[in-house]
Amino acid sequence: MHHSASVRLRLDLSYDGTDFSGWAAQPGLRTVQGSLEGALAMLLRVDDPASVRLTVGGRTDAGVHARGQVAHLDVTPAQLEKWTARRRPEEPAWEAPELARLRARKLTGIVSRGAPDVVVHSAHVVPAAFDARFSALRRRYEYRLIGAGMRKDPLVARYTAEVPRPLDFDAVQRASDELLGLNDFTTFCKAREGATAVRDLLRFEWRRAEDGAYAARIEADAFCHSMVRALIGAVVAVGSGRIDHEELVALRDARARTSRFTVMPAHGLSLEEIAYPPNDALEARAAATRARRSAID
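Counting of residues starts from 1 at the beginning of each chain's written sequence and follows it residue by residue. Under the rules for a predicted model, residues below a pLDDT of 70 receive no local features and side-chain atom pairs below 80 are neither given nor counted, while totals for whole chains, interfaces and linings still include all residues. Based on all heavy atoms of the structure, the side-chain values leave hydrogens and waters out of the count.

(A) Structural context of the pattern of salt bridges. Put simply, a salt bridge is a Lys or Arg side-chain nitrogen that is within 4 Å of an Asp or Glu carboxyl oxygen. Within this structure, the stated rule accounts for 19 salt bridges. The closest approach of N and O atoms between Arg290 and Asp131, which form a salt bridge, is 3.3 Å. In this pair, Arg290 sits in helix H7 (residues 282–290) while Asp131 sits in the loop between strand S4 (118–126) and strand S5 (138–146), placing the two residues 159 residues apart along the sequence. Whether a residue is buried, partly exposed or exposed follows from its accessible area with a 1.4 Å probe, protein chains only, as a fraction of its type maximum: under 20%, in between, or over 50%, in that order. Relative accessible area serves as the criterion here: at 48%, Arg290 is assigned to the partly exposed category. A salt bridge links Arg260 to Glu247, with the nearest nitrogen and oxygen atoms 2.6 Å apart. Placement of Arg260 in the loop between helix H6 (245–254) and strand S10 (269–275) and of Glu247 in helix H6 is noted, with a sequence separation of 13 residues between them. Overall, the relative accessible area of 31% leaves Arg260 in the partly exposed class. What you see here is one network of salt bridges that share partners, running through Asp16, Asp19 and Arg158. In this description a helix means any DSSP run of H or I spanning at least four residues, a strand means any run of E spanning at least two, and both kinds are numbered starting from the N terminus.

Have a look at this one:
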């Protein structure tokens, strides 16, 4: 639904990724995108469900969760009016935040029939230049894990990975510090054909969560496929004594996939936030992101 008379909407949503085959719609599989697009087609009463297309800010893999996912779609003014029509004419005019929450409640009500593990928090009108994927400035994830000997909590087991060895918290943090900055992260990800693995890793900080688990805050301008879980696997390998600090640096600089550390399980990972620039900078940001990142010499 991309045409001149369309209105662009930004959706802010969360989901438990445990029982989804990832974000991206795939035939015969239960996905977040498929569940949402099906609900939107019902809500907007479109003849062709395939005409409802969502663009996502952070494409999550199977089993990965999200608290701060963002997507956008285009609707016609008539569809928007249908979506937000008030039930009683005597109701007061809605302020924008209330309207966005009202739309979100309607959509969540429909999607929850088949996917109660998805919640839409907001659905508000944004400028046509807004692109959930290309306008993003940075993305922030959290990864939760426990090492051998640490207290297990069955209530958060779905969101917490387990490492079979004891972990040295300080060693994990020192290793994480070595990976910060603008780097070619080929060692830690599968770059798409024709793309580079050059990314700017802005934060990689660990804390002890209230339940005792180790939780990483990891933030970058963008991530390539499996990069977050590979980075976590690399610093866990240092923290458990499998590799030392010097080998981590050598692996980073080698820019080649390796079996010296393992990619961590999906269920410990959650997309927490996607940050965007002010409205007047959206178009420039999207153009800059689309321009291919030059490889680091």
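Moving on from the coordinates now.
(B) Main features of the packing of helix H1 (residues 32–44) against helix H2 (residues 77–84). Note on method: axes are straight lines fitted to C-alpha atoms, helices fitted across the in-contact stretch only, with angles between N-to-C directions ranging 0 to 180 degrees. Packing of H1 against H2 brings their axes to within 9 Å, and their N-to-C directions diverge by 90°. Classified by the angle their axes make, H1 and H2 are roughly perpendicular. Residues Leu40, Leu43 and Leu44 of H1 touch H2, and the partners they reach there are Gln79, Lys82 and Trp83. Here the residues of the contact of H1 with H2 are counted per class, giving 4 nonpolar, 1 polar and 1 charged. In this scheme, roughly parallel covers angles under 35 degrees and roughly antiparallel covers those over 145, while 65 to 115 is roughly perpendicular and the rest are oblique. Here, two residues are considered to be in contact whenever any of their heavy atoms come within 4.5 Å of each other. In this classification, the charged set is Asp, Glu, Lys and Arg, the nonpolar set is Ala, Val, Leu, Ile, Met, Phe, Trp, Tyr, Cys and Pro, and all remaining amino acids, among them Gly, are polar.

(C) A look at the state of the cysteines. By definition, disulfides here are pairs of cysteine sulfur atoms that lie within 2.5 Å. Taken as a whole and assessed by the stated rule, the structure comprises 1 disulfide. Sulfur-sulfur distance for the disulfide between Cys189 and Cys224 comes to 2.1 Å. One disulfide, between Cys189 and Cys224, carries an S-S torsion of -60° and so falls in the left-handed class. Pair noted here: Cys189 is in the loop between strand S7 (181–184) and strand S8 (198–208) and Cys224 is in the loop between strand S9 (214–220) and helix H5 (227–239), with a separation of 35 residues, a long-range link. Each member of the pair, Cys189 as well as Cys224, carries the same accessibility label: buried.

(D) How the structure looks around the packing of aromatic side chains. Only Phe, Tyr and Trp rings take part, Trp by its six-membered ring, and two of them pair if their centres are within 6.5 Å. Stacked means planes under 30 degrees apart, edge-to-face means over 60, and tilted covers everything else. Within the structure shown, the criterion is met by 8 aromatic pairs. Ring centres of Phe130 and Tyr276 lie 4.9 Å apart, and the angle between their planes is 50°; this geometry places the pair in the tilted category. With Phe130 in the loop between S4 and S5 and Tyr276 in the loop between S10 and H7, this pair connects stretches of sequence that are 146 residues apart. Overall, the relative accessible area of 15% leaves Tyr276 in the buried class. Ring plane angle 75° and centroid distance 5.0 Å describe the contact between Phe169 and Tyr214, whose orientation is recorded as edge-to-face.

(E) Main features of the environment of His121. By secondary structure assignment, the location of His121 is in strand S4. Under the relative-accessibility criterion, His121 is labelled partly exposed at 41%. Sequence spacing of His121 and Ala96 is 25 residues, and the spatial spacing of their C-alpha atoms is 14 Å. Among residues more than four places away in sequence, those in contact with His121 are Asp12, Leu13, Ser14, Arg67, Arg101 and Ala104. Under the rule applied, a polar contact is a pair of N or O atoms within 3.5 Å (in protein, one hydrogen donor and one hydrogen acceptor; residues adjacent in sequence only if both atoms are side-chain atoms). For His121, the side chain forms a polar contact with the side chain of Ser14, separated by 2.6 Å.

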